[in-house]
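Breakdown of the fold
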Amino acid sequence: MIQKKQSHTPAENHGPKVSSTIYGLRPVIEAIDGDTQIDKVLIQNGLAGPLAGELKGRIRDNNIPFQFVPIEKLNRMTKGNHQGVVALISPIEYKHALDLIPQLMEGEKAPMVLLLDHVTDVRNFGAIVRTAECTGVDAVIIPDHGSAQVSDDAVKTSSGALLRMPICRESNLKTVLNLAKQCGMQIVAATEKGATDYLEVDYTKPTLLVMGAEETGISPEILKMADSRAKLPILGQVQSLNVSVAAAVFMYEVLRQRR
């Protein structure tokens with residue numbers, strides 16, 4: 001079954017939008033087979049049986065994020081017979097970075113792409129995408145697991161920017177970075193462990209900027225692939241900034257240099 005709810009976002013978001021959930025084993029399987037843009041599948045703890053096994057196989061084969069949850073959570077989400085599974089439908093259509101990056105490199109301007117390495121807070125995610133849209137970023141890339149959901153809250157926090165910004169959800173970030181390098185993009189990692197002041201980087205070049213989670217920073221394997229490790233000056237005793245604030249500083253420096 002498909003359950004729809006209407007939620008209101010700011011006026012610039014062109015009015016109300018509709019988000020959906022799909023519940024029931026067979027309907028969710030059919031949604032996956034029909035290439036529905038699924039943000040995450042919630043599965044009841046201990047769910048078993050042939051049809052449940054078929055669903056889990058589809059989820060695995062299609063790299064769809066999923067989470068095992070108590071049945072009480074599913075009961076709160078729908079009054080219908082969910083059979084132990086609820087799928088959250090994304091309000092956006094994801095793009096493919098492996099297709100988008102070469103297209104951007106063929107354009108007249110040097111592309112600017114933002115990669116968020118496991119930024120899980122929905123409000124930070126929405127705020128970052130809002131700034132990205134304001135500063136002319138061409139696309140935002142997120143991992144398909146361990147990232148904030150493109151939910152109603154994220155869309156609201158982004159002031160509708162999530163509905164305008166190309167969002168790529170990828171299973172292998174290293175593959176994306178390798179392609180970006182091959183296409184001629186520089187990889188800039190924003191990290192307090194960096195040796196380069198963020199103002200010393202030449203952002204007029206085609207750039208892919210990587211921001212990491214507040215708690216863990218950028219993944220070591222991603223950090224190794226960076227051409228530059230840039231840091232923001234910290235003068236106080238608190239040694240880190242909110243990731244959405246740090247991302248905004250970097251993005252506006254890119255805009256400043258390119259103007």
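To keep things clear, this report deals only with the structure shown in the data block. Note that the coordinates shown come from a computational prediction; the quantities given were computed from them, not determined experimentally.

1. Points about the sheet that holds strand E11 (residues 207–212)
In spatial order, the strands read E8-E7-E6-E11-E9-E12-E10; together these 7 strands make up an open sheet with parallel pairing. One side of each edge strand has no neighbouring strand; the edge strands of this open sheet are strand E8 (167–170) and strand E10 (196–197). In terms of strand pairing, strand E9 (residues 186–190) meets E11 through 4 bridges, oriented parallel. Within E11, the position partnered with Gln186 by the bridge is Thr207. Together, strand E6 (112–117), strand E7 (139–143) and E8 form the strand contacts of helix H5 (residues 122–134), whose direction differs from that of E6 by roughly 175°.

2. Examining the packing of aromatic side chains
Summed over the entire model, instances satisfying the criterion amount to 2 aromatic pairs. Judged by centre distance (5.6 Å) and plane angle (80°), the ring pair of Phe66 and Phe68 falls under edge-to-face. Residue classification places Phe68 among the partly exposed residues on the basis of a relative accessible area of 42%.

3. Quick notes on the environment of Val41
Examined against the element boundaries, Val41 turns out to sit in strand E3 (residues 38–44). Val41 sits 47 residues away from Leu88 along the chain, and the two C-alpha atoms are 6.2 Å apart. For Val41, the residues in contact, after removing those within four places along its chain, are Ile59, Ile64, Pro65, Phe66, Gln67, Val85, Val86 and Ala87.

How each quantity is defined
Residue positions are given per chain, counting from 1 as you read along its sequence in written order. Local features in a predicted model are, by the rule used here, given only for residues with pLDDT of at least 70; side-chain atom pairs are given and counted only at 80 or more, and totals for whole chains, interfaces and linings are based on all residues. Side-chain metrics rest on all non-hydrogen atoms present in the structure, leaving aside hydrogens and water. Any two strands with at least two DSSP bridges between them are considered paired. The helix and strand labels rest on DSSP assignments: H or I over at least four residues marks a helix, E over at least two residues marks a strand, and numbering proceeds from the N terminus. Whether two residues are in contact is decided by their heavy atoms, any of which lying within 4.5 Å being enough. All axes here are fitted lines through C-alpha atoms, helices being fitted over the stretch that makes contact, and every angle between N-to-C directions spans 0 to 180 degrees. Only Phe, Tyr and Trp rings are paired, with Trp represented by its six-membered ring, and only when their centres lie within 6.5 Å; those with planes under 30 degrees apart are stacked, over 60 edge-to-face, the remainder tilted. Each residue is placed in one exposure class: buried if its accessible area under a 1.4 Å probe, protein chains only, is under 20% of its type's maximum, exposed if it is over 50%, and partly exposed if it falls in between.

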